[in-house]
Protein chains: 4
Amino acid sequence: MAGRPLDQELIRIWPSYATYAIAFVSIGVVWVNHHTVLEQCIKVNRLFLMLNVIFLMVVAFFPFPTRLLAENITSSGARPAAIAYGVTAGMTAVMFNVLWFYASRGNRLLREDADAAVVNGISRSYLPGPFIYLAATLVAFVSPPASAVLFGAIPVFYVLESSLFARR
Amino acid sequence: MAGRPLDQELIRIWPSYATYAIAFVSIGVVWVNHHTVLEQCIKVNRLFLMLNVIFLMVVAFFPFPTRLLAENITSSGARPAAIAYGVTAGMTAVMFNVLWFYASRGNRLLREDADAAVVNGISRSYLPGPFIYLAATLVAFVSPPASAVLFGAIPVFYVLESSLFARR
Amino acid sequence: MAGRPLDQELIRIWPSYATYAIAFVSIGVVWVNHHTVLEQCIKVNRLFLMLNVIFLMVVAFFPFPTRLLAENITSSGARPAAIAYGVTAGMTAVMFNVLWFYASRGNRLLREDADAAVVNGISRSYLPGPFIYLAATLVAFVSPPASAVLFGAIPVFYVLESSLFARR
Amino acid sequence: MAGRPLDQELIRIWPSYATYAIAFVSIGVVWVNHHTVLEQCIKVNRLFLMLNVIFLMVVAFFPFPTRLLAENITSSGARPAAIAYGVTAGMTAVMFNVLWFYASRGNRLLREDADAAVVNGISRSYLPGPFIYLAATLVAFVSPPASAVLFGAIPVFYVLESSLFARR
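In this text, all values refer to a predicted model and were calculated from it rather than measured experimentally.

A. Region of the structure containing the overall build of chain A. In terms of helices and strands, chain A carries 8 helices and 0 strands. Listing the helices and strands of chain A from first to last along the sequence gives α-α-α-α-α-α-α-α. For chain A, the residues scored as buried account for 49% of the 168 residues in total. Counting only contacts in chain A whose residues sit at least 6 apart along the sequence, the fraction spanning at least 24 positions is 72%. Within the structure as shown, chain A displays about 8700 Å² of accessible surface, and the carbon and sulfur contribution to it stands at 68%.

B. Examining the environment of C:Tyr85 more closely. Residues and elements named next belong to chain C. Tracing the chain through its elements places Tyr85 in helix H5 (residues 78-104). A residue is classified by how much of its surface remains accessible, and Tyr85, at 1% relative accessible area, is buried. For the pair Tyr85 and Thr137, spaced 52 residues apart in the sequence, the C-alpha separation amounts to 8.1 Å. Setting aside residues no more than four positions away along its own chain, Tyr85 makes contact with Ile22, Ala23, Ser26, Phe62, Pro65, Thr66, Leu69 and Phe151.

C. Just the interface of chain C and chain D, in detail. The partner chain D presents 17 residues to the 21 residues of chain C that form the contact. Carbon and sulfur atoms make up 83% of the area that chain C and chain D hide from each other, which totals about 1600 Å². Looking only at chain C, the three residues that lose the most surface to chain D are C:Leu6, C:Tyr20 and C:Phe24, adding up to 31% of its buried area. Taken together, the connections running from chain C to chain D amount to 0 salt bridges.

D. Molecular detail of the side chain of B:Thr66. Residue and element names in this part refer to chain B. With respect to the helices and strands, Thr66 occurs in helix H4 (residues 63-72). Accessibility expressed as a relative area gives 9% for Thr66, which makes it buried. Sequence-distant contacts of Thr66, defined by excluding residues within four places in its chain, comprise Thr19, Tyr20, Ala23 and Tyr85.

E. Inspection of the relation of the copies chain C and chain D at higher detail. Each copy superposes on the other: chain C lies on chain D with an RMSD of 0.0 Å after a rotation of 90° and an axial shift of 0.0 Å. Taken together, the rotation and translation relating the two chain copies correspond to the operation of a four-fold axis.

F. Layout of the environment of D:Pro144. All names here are of chain D. Structurally, Pro144 can be placed in helix H8 (residues 144-167). For the pair Pro144 and Ile73, spaced 71 residues apart in sequence, the C-alpha separation works out to 7.3 Å. Among all residues touching Pro144, those that are not within four sequence positions of it are Ile73, Ala78, Arg79 and Ala82.

G. Representation of the interface of chain A and chain B. Contact residues are listed per partner, giving 21 residues for chain A and 17 residues for chain B. Both sides together, the interface formed by chain A and chain B hides about 1600 Å², and carbon and sulfur atoms give 82% of it. The largest contributions to the chain A side of the interface with chain B come from A:Leu6, A:Tyr20 and A:Phe24, which together make up 31% of the buried area. Between chain A and chain B we count 0 salt bridges in total. When residues of the side of chain A that touches chain B are traced back to their parent elements, those giving at least two are helix H1 (6-12), helix H2 (14-40) and helix H8 (144-167) of chain A. When residues of the side of chain A that touches chain B are assigned to their parent elements, the largest contribution, 12 residues, is made by H2(A). Looking at side-chain class alone, the side of chain A that touches chain B contains 13 nonpolar, 6 polar and 2 charged residues.

H. The packing of aromatic side chains, seen in detail. As enumerated under the stated definition, the model contains 48 aromatic pairs over all chains in all. Summarising the aromatic geometry, the rings of A:Trp100 and A:Tyr126 are spaced 6.5 Å apart at their centres and angled 75° between planes, so their arrangement reads as edge-to-face. You can see A:Trp100 sitting in helix H5 (residues 78-104) and its partner A:Tyr126 sitting in helix H6 (residues 116-126), a full 26 residues away along the chain. You'll find A:Trp100 and A:Tyr126 in the same group, each marked buried. Grouped by ring-pair contacts, the aromatic residues A:Tyr17, A:Tyr20, A:Phe24, B:Phe61 and B:Phe64 constitute a single cluster.

I. Quick peek at the packing of helix H3 (residues 46-59) of chain A against H5(A). All names here are of chain A. Where H3 meets H5, the axes come as close as 9 Å, and the angle between the chain directions of the two elements is 165°. Overall, the two elements H3 and H5 adopt an arrangement that is roughly antiparallel. Like other packed secondary-structure pairs, H3 and H5 cross with a definite hand, here left-handed. Together, Leu47, Phe48, Leu51, Asn52, Ile54, Phe55, Val58 and Val59 of H3 and Thr88, Met91, Thr92, Met95, Phe96, Val98, Leu99, Tyr102 and Ala103 of H5 make up the contact between the two elements. In terms of residue class, the contact of H3 with H5 is made up of 14 nonpolar, 3 polar and no charged.

Cut-offs applied
- Residues numbered from 1 in each chain as written.
- Chains lettered and ligands numbered in written order.
- Predicted model: local features only at pLDDT ≥ 70, side-chain atom pairs only at ≥ 80, totals over all residues.
- Heavy atoms only, no water.
- Helix = DSSP H or I, 4+ residues; strand = E, 2+ residues; numbered from the N terminus.
- Buried < 20%, exposed > 50% of the residue type's maximum accessible area, 1.4 Å probe, protein only.
- Contact = heavy atoms within 4.5 Å.
- Areas by Shrake-Rupley, 256 points an atom, 1.4 Å probe, with all protein chains shown as cover.
- Buried area = accessible area lost by both parts, 1.4 Å probe.
- Salt bridge = Lys/Arg side-chain N within 4 Å of Asp/Glu carboxyl O.
- Least-squares fit on C-alpha atoms with pLDDT ≥ 70 in both.
- Nonpolar A, V, L, I, M, F, W, Y, C, P; charged D, E, K, R; others polar.
- Phe/Tyr/Trp six-rings, centres within 6.5 Å; stacked < 30°, edge-to-face > 60°.
- Axes fitted to C-alpha atoms, helices over the stretch in contact; angles between N-to-C directions.
- Parallel < 35°, antiparallel > 145°, perpendicular 65-115°, else oblique.
- Left-handed = near helix turned anticlockwise from the far one by under 90°.

This is the structure:
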């Protein structure tokens, strides 16, 4: 940080702003989705609480790969940083499916009046998650910046898709 | 920090205390205002939740420009630091308007019994926000300390104005 | 930290454990007291919310003087560190009185059925706070370690006193 | 961190991932248990609130020994780091018993309809905690890595046991 004027320094660290926004919006989508899952549940049990703990463990890990990505996107460390980010995001998507299918299988924890269309809609929208992030992570082997762009585009696409869907 | 007695050091870093207070009170006003907005809402939808995520993304960014301002107010970096703070505060004001007009346009998310006078009062008090912070940020090109004083004065003025207004 | 075995290092930093405990219990007492104040209130207004913001601003400042005290208690910086801690604690006590007397003066925000004995008891127990911390801070001019012991003893005394009092 | 490619660095710091998971799951178990305790309580008093503050003080200390363990498990500092972790975990187990027996002794704070079987079940499952962690900590004198494995296994065992138990 030494020896360079602050204004140039603030411009040089633009990847930090980009990854901050990517991670914040991604976790925001996670939060909205988690809210949707819990809204369908009428009760919890110990195992579900512990699955939530493991889910939160993965989500709380995000700042680490986010910072790695911000600091290395323009250097030779871009590939491992992008893979670290992709693995974290992919594990989050896996945990979403674990949480959701544990709660919904045989209506284990769902409300009596849970709407079958909503339940199926959630199932359909969560299942592709791990595969989408796996694909974006594999892109990092070819082009780390391209995978970073995908990491940013996935939650934005999700927001747009589900907002438009909700409107219909 | 080395080589200087602690008492002198604690006095030397006074800009840190000042910016801590400025940022804390500013975010406090944001919190009270956000509370006011949500109080008028009876329901939410996915897009509103995501707008809140983006709003929180801007608010959670405050510690960064606050620290920049604290560390650079007496140096040559004062101008970019003040601009960074002003842009963050201005974006917060913009997001307030986005949230509020999305919720209130055509009473989209408002309570049935939302008082038209209160709704109009909120609209009137939020609209100038982005322009006030834009002006304070432009002042930084002439005098960064003057803009820092404005950043501190704006939320204090807002508190006094709305407290007196509430009393009437 | 370099060049010293970890076990010796963990013993050498005992002031950090002591000040961590002092600050945690002090903030714990603050939390219990704040709970007591809000329990007596039936409504809030904008000015009360903003007073709470300023109150939280002082409470959220605690980690800074706590760390100063931990790192300097055995060095020449002990006096300014103890004064910084005492001033923060004293300001917290002042803000408690501001919050409480704003809420209770003329029953402004209190519940209809607020028990006069409880209200007077709170008033009596908060009023000495600023003076007690002022005294403990002045002790730092003679002996910083003695004032640190007082900073630890005050909340412990408060807990014992109010727990025994509550039992009667 | 300097001079080594990021991918090798990310592999070299594997103890950090392991201890992050151990600590997160341990605190998760603490959270689920604390929830179970509070669920049985119908009221609180000042002393119980303060015991909770001391309990939280111990829980909030976890990141410190966790980081020590992560950074020293493969070095000569492994023993003191494992002991620090074990003492923190043991104190948490002690505080659980203090909280629980304070609340349940003579049904002091319990609900009228608290199920005696549940109350006795909680008592039976909490009492061994301090001794289990004491044993795992003593193992550190022989083999710090072995005690670290135990620190990870204890909460996992607890989750499995209580989930299976809950199913019966």
